[in-house]
Amino acid sequence: MTVAGRFAPSPSGDLHVGNLRTALLAWLFARAGGRDFLIRMEDLDRVKAGAAQRQLADLAALGLDWSPPVVTQSERLSVYAAVVEELAAAGETFECFCTRREIQDAPSAPHAPPGAYPGTCRDLTHAERAERRRHRPAAIRLRARTRTFTVHDVLHGEYRGDVDDFVLLRGDGTPAYNLAVVVDDAAFDIDQVVRGDDLLSSAPRQAYLAQRLGHPVPEYAHVPMVLNDKGIRLSKRDGAITLAQLAEHGYTAPQVLGMMAVSLGLAEPDEPVTASELLRRFDPAALPRTPWTFVGPR
Ligand code: GLU
C-alpha cells in the first residue's frame, strides 16, 4: 500500500504565502518520508470561481508535484452520506435541532469543556423528534463516548483536546468539515496530516472519529502560521501576499520559494533554490517552531 501526505486547501480565493508555506511543508514531510502526495479541494463551503485552478497552478509554479486526480469534496457527497447513514443505523448519531444561540445559552453539562455541545437533543423521544422536525431540519451529531482524545503531533508532542457530540451533517445536509476530512484521509490512505496549527484543536475530534470508523489515525504535524507585522495571521489586507500579487512587485515564484525556504532555515537569503533541493535539505527535527512574520511589499 502506498501511503500519502496531502494538502487540502479551500478554494475560496488565491493561496497566500501562509498557505503556500504550509503546502511546501506538507510536500516536504510527505516526500521526505517516501510518501505519495495528494491534493484535495475542500469546496463544501465558500468557493470562488477559478480559485482551485489558480491554486494548483501556484503550487506547480513552486515546483511541488502530486499524484492525480485532485480530489474534490463536492463530488463525494454520496460517500459522506453513506458513512453517516451507517453510523446512524448503528445508533451512533442523533438528530439535533438546536440553533447556535440555543447551544450558547444552554447551561453546560457538568464537567463539560467550555463550548461543548450541552447534550440538549441527545435523548429526545421519538415524539419530540417528530415534533421538532416540523419546524427545523435536523443536523446530525456523533454520540461521543469520551470528552477528550489524545493525538501525537510531530511538532507538538502528545496533544490532548476536547471531544464533544460534534456535527457530522449540518441542517442543510452539507457534510461537516470534521467528517469529510476523516472520511477522505482514510479513503485515500493518508497516513500523515500536515497543516496549519490553527487546526490543532480539531485533531482530537478527527482522530477520535477515525478510530470510531475503524480507520488508522494519521500522524499529525501542525505547522506554525505566517503572521503579519502586527502579529496577526495573514489576510487579504496585508498587501501583496499571493504569488500573483508578489509577481506584480517583481517577485518570481522561485524567489518566493526562496523566501519561504529562508524562513524554514533551509536556505540563505537570496540563494536560488528549487523544491527538490529543499527536499534534500529538509529535516523535520530542525524546523522552526515559531510563526514566521511576513511583511510583503505594499
Ligand atoms: N481546508 C482546510 C483549510 O484550508 C484544511 C483542512 C485540513 O488540512 O485538514 O484550512
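What you see is a predicted model, and the numbers here were worked out from it, not measured in a lab.

## Structural notes on the UniProt feature "binding site: Zn(2+)" (unreviewed entry) in the protein chain
Within this structure's numbering, the places UniProt gives as "binding site: Zn(2+)" (unreviewed entry) are Cys96, Cys98, Tyr117 and Cys121. These annotated residues cover 26 residues of sequence, but their C-alpha atoms sit close together, with the largest distance between any two at 10.2 Å. With respect to the element layout, Cys96 can be found in strand β4 (residues 93-96). Judged by its relative accessible area of 2%, Cys96 is buried.

## Looking at the sheet that holds strand β5 (residues 139-142)
Across the sheet, which stays open at both edges, the three strands sit in the order β4-β5-β8 with antiparallel pairing between neighbours. The open sheet is flanked by β4 and β8 (167-169), the only strands paired with a single partner. This sheet shows a mean twist of 40° between the axes of neighbouring strands, independent of strand direction. Of the pairings in the sheet, the one linking β5 to β8 comprises two bridges and is antiparallel in character. Bridged to Arg141 within β8 is Val167. Strands in contact with helix α3 (residues 77-89) are β4, β5 and β8; relative to β8, the strand with the most contacts, it is inclined by about 120°.

## Focus: the nonpolar core
As a rule of thumb, soluble globular proteins bury nonpolar side chains together. Counting 45 residues, the largest nonpolar core has Leu24, Leu59, Leu62, Leu64, Met260, Leu278 and Phe294 as its most contacted members. When residues of this core are traced back to their parent elements, those giving at least two are α1 (17-32), β2 (36-41), α2 (51-61), β10 (219-223), α8 (243-248), α9 (253-263) and α10 (275-281). When residues in this core are grouped by element, the largest group, 10 residues, is from α1. When residues no more than four places from it in sequence are discounted, the contact partners of Leu24 are Leu64, Leu257, Met260, Leu264 and Leu278.

## Brief notes about the UniProt feature "binding site: ATP" (unreviewed entry) in the protein chain
Mapped onto the present numbering, the UniProt feature "binding site: ATP" (unreviewed entry) falls on Lys236. For Lys236, the position within the fold is in the loop between β11 (226-227) and α8.

## A look at the site of the ligand
Every residue lining the ligand is accounted for by Arg6, Ala8, Ser10, Glu42, Tyr177, Arg195 and Leu199. Here an oxygen atom of the ligand sits 2.6 Å away from a polar atom, N or O, in the side chain of Arg6. Taking Glu42, its side chain carries an N or O atom lying 2.6 Å from a nitrogen atom of the ligand. Expressed as a share of its isolated accessible area of 300 Å², the protein-covered part of the ligand is 77%. In the shell around the ligand, the residues fall into three nonpolar, one polar and three charged.

## Comments concerning the pattern of salt bridges
Under the definition given, this model contains 25 salt bridges. Asp198 serves as the salt-bridge partner of Arg233, at 3.2 Å between the closest nitrogen and oxygen. A residue pair is termed long-range when its members are at least 10 positions apart, and Arg233 in the loop between β11 and α8 and Asp198 in the loop between β9 (190-196) and α7 (203-212) qualify at 35 residues. Judged by relative accessible area, which is 35%, Asp198 ranks as partly exposed. Taken together, the shared-partner salt bridges connect Arg6, Arg40, Glu42, Arg76, Asp184 and Asp185 into one network.

## A look at the side chain of Asp165
Residue placement: Asp165 occurs in the loop between β7 (157-162) and β8. One polar contact links the side chain of Asp165 to the main-chain amide nitrogen of Ala144, over a distance of 2.8 Å. If near-sequence neighbours (up to four positions away) are discounted, Asp165 is found in contact with Phe94, Tyr117, Arg122, Arg141, Leu142, Arg143 and Ala144.

Cut-offs used in this document
- Residues numbered from 1 in each chain as written.
- Predicted model: local features only at pLDDT ≥ 70, side-chain atom pairs only at ≥ 80, totals over all residues.
- Heavy atoms only, no water.
- UniProt positions renumbered as here; feature names shortened; annotations may be inferred.
- Helix = DSSP H or I, 4+ residues; strand = E, 2+ residues; numbered from the N terminus.
- Buried < 20%, exposed > 50% of the residue type's maximum accessible area, 1.4 Å probe, protein only.
- Pairing = 2+ DSSP bridges.
- Axes fitted to C-alpha atoms, helices over the stretch in contact; angles between N-to-C directions.
- Contact = heavy atoms within 4.5 Å.
- Core = buried A, V, L, I, M, F, W, Y, C linked by side-chain atoms within 4.5 Å.
- Near = heavy atom within 4 Å.
- Polar contact = N/O pair within 3.5 Å; in protein donor to acceptor, adjacent residues only side chain to side chain.
- Areas by Shrake-Rupley, 256 points an atom, 1.4 Å probe, with all protein chains shown as cover.
- Nonpolar A, V, L, I, M, F, W, Y, C, P; charged D, E, K, R; others polar.
- Salt bridge = Lys/Arg side-chain N within 4 Å of Asp/Glu carboxyl O.

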